[in-house]
Amino acid sequence: MDEAPPPYRALLIGNADFPDEPELGPLRGPANDLRELGAALTDPEVGLPWQVTELRDRTSQEVEEAIYDFFEGATREEQLLLYYSGHGQLDMDNRLFLCTRDTTLTRRGLRAVRHSYLTDRMDHCPARAIIVVLDCCYSGRAADAKGPDMAAPFAGRGRFVMSSCEPHGAAKDALKDGEPSPFTGHLVAALRHGASGRGGYVTARQVWQYVEDQSRGSGQRPCWKAERATGDVPLARRPVPVERTVEAAGQPPGEASLDTCPVFAPARGPSGQPSMECHFTGVMHVLLPGSRGTLSVYRDALLAAESEGEVRGWWFAAGPLGYRRKRARLTGTSTLDGDVRFTLPDGAGTVTWPAEQLNAFEEARVTSSWPTTPRPTQTDATHTVLKAHDREYRRLTRTPWMLAGSLVVFAASVVMAVRVMTPHVPDQVPAYPFFLAFLSGLSVIISTSLVWVRSHLQRFLKLPELPVRRMRLNTYIEPAYTFVSDVGVPVTVPAKERTYLWSDDYRLALPSGFFSGTPKRPSHLPPGAPLPVEVMGLPHPGQWVLVRTPQGTLWPTGRVKHCYSSEIDRTIRPRAASEEPPRQE
C-alpha cells in the first residue's frame, strides 16, 4: 500500500419512509447512517479521498439509475463502495430485494431493487475492487449467494460484501432518533478509530473483524464474503504513530517502522535475527534463533534503565517454559550511549536495545500504540516478569496464600471458641476467641473474592487473541446530594469519584476499585482532557476488560457496566429489560 492511492468513489443509499406500503414502517436510522458514514469516509484525519454521493428516499427507478451510472462510469483504477440502509425483503424464492420509497410488498419485483440487479452491474464493472455494505434485514443473502466464477470477465481484484445480519436474520434499527443503527455505528467506529490498521491503512477485512467483535452477544451476526484479495483493500487511514530510525540486523536502510526486536550478537557461531513476542501488558520476549533460549523483560523497566542504570530481566532455557525451567535473573546495564545491553549466560552472547529504539518505545507508550503479538506463546514467562515488576499483579498472585492463611486462622479461632465454651472453663467466658473468629471469617470472605477476581483476570494472560479497542478514560466527581428516606429522615450521599471509558458508541463505567488505581495524567495533556487508552476484551456491560494506559495496565476488580450519570451521559438512559429495539423488516 505504499503506492499513491487510486481514486475512491462511494454511493450511499438510504430509505427511511415507505408511504405506499403500511407494513413497511418508517425507520430512524438511514438518514443518520448516511450522515455518519459519509463523514467518516471523508474525515481529513482518517478518511481516504472518497468522492461520496448520497441518495435518500428515492424511488426504485431513481435508485437503479444511480447504481447503473455508478458502476457503468467506473475505470480500472477506481475502488468503489456501495452502501444501503433500509428495509430488506425476500420473495417466495428467497431472493433479496432492497426496498425504496415506492416499494409495495405485492409488487416488489417492480418497485424494489433486486440483488441480482446489483450483481449484473458489478459483473460488467472494470473497477479494481468493489465493496458492498448492506444494513437491512436478510442482507446475509448477499454474502451467502454464489458469486461469479473467478474466471469471469471481471477486470478488478474482486468484490467484498459485508452484511448486517444472517440470510434469514433481522437487522436492528437505531435505538433512538439522531443515532445510526447498531451495525452502521460499529462500522463508523471501525473507520474512525476502532479497527487496528497496518502500514498506515485499515483494510475491509479489519473493519469487518472489528464490527463482528462488537456485535457478539447482540443477537445480530454480521456476515461477509470476499473474492480474490478484495478484503485487503484500504477503507481508511491510520497515522503511523512511531517510526524507528535504527535498522535491525538484516533490514535494508531506509525502511523505518516500530520494531521491538533488539540486536543479538552471539559469542560464537553465525548471527541470526531473533523473533519477538510483545504481550499487551508491556512484557517483551526475545526468542533467540537456534532455540538458544528466551530473554524476557518488562518494557517500562527497560525504559527506566536510563535513569536507574540497571534493569532486571529473566533468562529461560530452551524448550517448554515453566517455573522450574527458569535459568537466572539477568541484569541489563545502560551504556554511555544510552543503549541497554544484556549479557546472556553460558556464553550465548549479548542482546542490545539501541537508544534510538528506546525513544521509539517511549513514544509508543505515550500514544497507546504498543504492538501486540496476536498469539503469544510465552505465558509462563509473562507471569514471571509481571510478578517481578508489576506491584498490583504481585498482589493478585498472593491472594491464594492470603486465603489459605485466613482459613487457618479462622479454623484456629473456631477451635479456641469451642474450647472456652466447654464446662471445664470458668464461668466468665473471654470474648477474644469470638472476636478473632469474626475478623478471620471476614478475611476469608475478602480473600475468596480476590481469588475469584484473580482467576478471571489471569485467563487474559493465556488467551490467544484479544480484541483491542481505542477508547478514552476520564474521571468524574459525582457531587453529594441529600434525599429523604421512607421514614422521613434526610440522608446525605457523599461525593464520589467515578472512572469511565467512552468512545463514539460506548460509555462504560469502570468498577468502583482498580488494583492499580486511576493512572496519572501525562504532562502533555491539558487538565480535564481524556486520557487515550486501549481496552482489551469486549467493551460490553457485564464483561471483564483490561485497560492499557501509557503508565501500565489497570487490573479491574469486576465487570464494566453502563454509565448512567446525568452529567457525563445525558443521552443514554436505562432501557427496560423487556424492551426490544425496533427492527428493520
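These figures come from a predicted structure and were not determined experimentally. (Residues numbered from 1 in each chain as written. Predicted model: local features only at pLDDT ≥ 70, side-chain atom pairs only at ≥ 80, totals over all residues. Heavy atoms only, no water.)

Points about the overall build of the protein
Counting secondary structure elements, the protein contains 13 helices and 30 strands. Out of the 585 residues belonging to the protein, those deemed buried represent 49%. Pairs at least 24 apart in sequence give 69% of the contacts found in the protein among residues at least 6 apart. Summed over its atoms, the accessible surface of the protein is roughly 28,500 Å², and 53% of this surface lies on carbon and sulfur atoms. (Helix = DSSP H or I, 4+ residues; strand = E, 2+ residues; numbered from the N terminus. Buried < 20%, exposed > 50% of the residue type's maximum accessible area, 1.4 Å probe, protein only. Contact = heavy atoms within 4.5 Å. Areas by Shrake-Rupley, 256 points an atom, 1.4 Å probe, with all protein chains shown as cover.)

Re the sheet that holds strand β11 (residues 223-226)
Strand order in this open sheet of 6 strands is β2-β1-β3-β7-β8-β11, and the pairing throughout is mixed. Looking along the sheet, the strands with just one partner apiece sit at the ends: β2 (50-56) and β11. For this sheet the average axis-to-axis angle between neighbouring strands, irrespective of direction, equals 10°. The sheet contact formed by strand β1 (residues 8-14) and strand β3 (residues 79-85) spans 7 bridges and is parallel. Across the sheet, G14 pairs through a bridge with S85, a residue of β3. Sitting on the sheet, helix α2 (residues 60-72) touches β1, β2, β3 and β7 (129-135), and the angle it makes with β1 is about 170°. (Pairing = 2+ DSSP bridges. Axes fitted to C-alpha atoms, helices over the stretch in contact; angles between N-to-C directions.)

A few points about the packing of helix α1 (residues 29-41) against helix α5 (residues 182-194)
The geometry of α1 relative to α5 is characterised by a closest axis approach of 9 Å and an angle of 10° between their N-to-C directions. What the angle tells us is that α1 and α5 run roughly parallel. Where α1 approaches α5, its residues D33, E36, L37, A39, A40 and L41 are matched on the opposing element by T184, L187, V188, L191 and R192. Residue classes in the contact of α1 with α5 are distributed as 7 nonpolar, 1 polar and 3 charged. (Parallel < 35°, antiparallel > 145°, perpendicular 65-115°, else oblique. Nonpolar A, V, L, I, M, F, W, Y, C, P; charged D, E, K, R; others polar.)

What about the environment of G441?
Position of G441 among the secondary structure elements: in helix α13 (residues 432-462). Through-space distance from the C-alpha of G441 to that of L407 is 7.8 Å; in sequence the pair is 34 residues apart.

A few points about the sheet that holds strand β5 (residues 96-99)
The 3 strands are arranged β4-β5-β6 in an open sheet whose pairing can be described as antiparallel. The open sheet has two free edges, formed respectively by β4 (88-90) and β6 (112-114), since each of these has just one partner strand. Going across the sheet, the axis of each strand differs from the next one's by a mean of 35°, ignoring polarity. Across 3 bridges, β4 lies against β5 in antiparallel orientation. Bridge pairing links Q89 to F97 in β5. Packing of helix α3 (residues 115-123) onto the sheet brings it into contact with β5 and β6, and relative to β6 it is tilted by some 50°.

Some words on α1
Taking 1.5 Å of rise per residue, the 13 residues of α1 would be expected to cover 18 Å, and the 18 Å separating its terminal C-alpha atoms lies within 8% of that figure. Among all positions in α1, only G29, P30, N32, D33, L34, L37, G38, A40 and L41 are buried. On its buried face, α1 is in contact with β1, β2, β3, β7, α5 and β12 (234-237). (Expected span 1.5 Å × (residues − 1).)

Quick word on a nonpolar patch on the surface
A grouping of F435, F438, L439, L442 and I446 is seen on the molecular surface, where their side chains present a nonpolar patch of about 510 Å² in accessible area. The residue L439 is located in helix α13 in this model. (Patch = residues over 30% accessible without salt bridge, like charges linked within 9 Å, V, L, I, M, F, W, Y side chains within 5 Å. Salt bridge = Lys/Arg side-chain N within 4 Å of Asp/Glu carboxyl O.)

Quick look at the packing of aromatic side chains
Scanning all chains against the criterion turns up 5 aromatic pairs. Ring centres of W208 and W224 lie 5.3 Å apart, and the angle between their planes is 50°; on these two criteria the pair is classed as tilted. In this pair, W208 is assigned in helix α6 (residues 204-214) and W224 in strand β11, connecting sequence segments 16 residues apart. On the basis of relative accessible area, W208 is assigned to the buried category, the value being 10%. Accessibility expressed as a relative area gives 32% for W224, which makes it partly exposed. With 6.2 Å between their ring centres and 80° between their planes, F342 and W353 make a pair best called edge-to-face. (Phe/Tyr/Trp six-rings, centres within 6.5 Å; stacked < 30°, edge-to-face > 60°.)

Focus on α2
Taking 1.5 Å per residue as the helical rise, α2 with its 13 residues ought to reach 18 Å, and the 18 Å between its terminal C-alpha atoms agrees with that figure. Listed in full, the buried residues belonging to α2 are S60, V63, A66, I67, F70 and F71. Down the axis, α2 shows its buried residues gathered within 130° of arc, on one side only. Exposed residues lying more than 90 degrees from the buried face of α2 are Q61 and D69. Summarising the contacts, the buried residues of α2 are in contact with β1, β2, β3, β6, α3 and β7. (Arc of directions from axis to C-beta.)

Concerning the side chain of R9
Considering the arrangement of structural elements, one finds R9 in strand β1. For R9, a relative accessible area of 14% translates into the label buried. A distance of 3.0 Å separates polar atoms of two side chains, one belonging to R9 and the other to E78. Leave out the neighbours within four places in its chain, and R9 touches W50, Q51, F70, G73, A74, E78, Q79, L80 and L81. (Polar contact = N/O pair within 3.5 Å; in protein donor to acceptor, adjacent residues only side chain to side chain.)

Some points on the pattern of salt bridges
Under the definition given, this model contains 9 salt bridges. Across the pair R56 and E54 runs a salt bridge whose closest N-O atoms are separated by 3.0 Å. One salt bridge in this structure joins R221 and E166, with 3.4 Å as the shortest N-O distance. On the criterion of sequence distance, the pair formed by R221 in the loop between α6 and β11 and E166 in the loop between β8 (158-163) and β9 (171-172) is long-range, its members being 55 residues apart. Owing to a relative accessible area of 49%, R221 belongs among the partly exposed residues under this scheme. The class of E166 is partly exposed, set by a relative accessible area of 37%. One connected set of salt bridges, linked through shared partners, spans D91, D93 and R95.

Here's the deal with the pairing of strand β16 (residues 294-298)
Along β16, 5 of the 5 residues are buried, which leaves the element largely enclosed by surrounding structure. Side chains T294, S296 and Y298 of β16 all project onto a buried face; the interleaved residues L295 and V297 project onto the opposite face, where all are buried too. As judged from the 5 bridges shared by strand β15 (residues 283-287) and β16, these two strands associate in the antiparallel manner. Paired with V283 across the strands is Y298, a residue of β16.

Let's talk about unusual backbone geometry
Even without a glycine there, the phi angle at D57 is positive, about 50°. Looking at the secondary structure, you find D57 in the loop between β2 and α2. Classification of D57 as partly exposed rests on a relative accessible area of 25%. Unlike most non-glycine residues, N94 shows phi in positive territory, near 60°.

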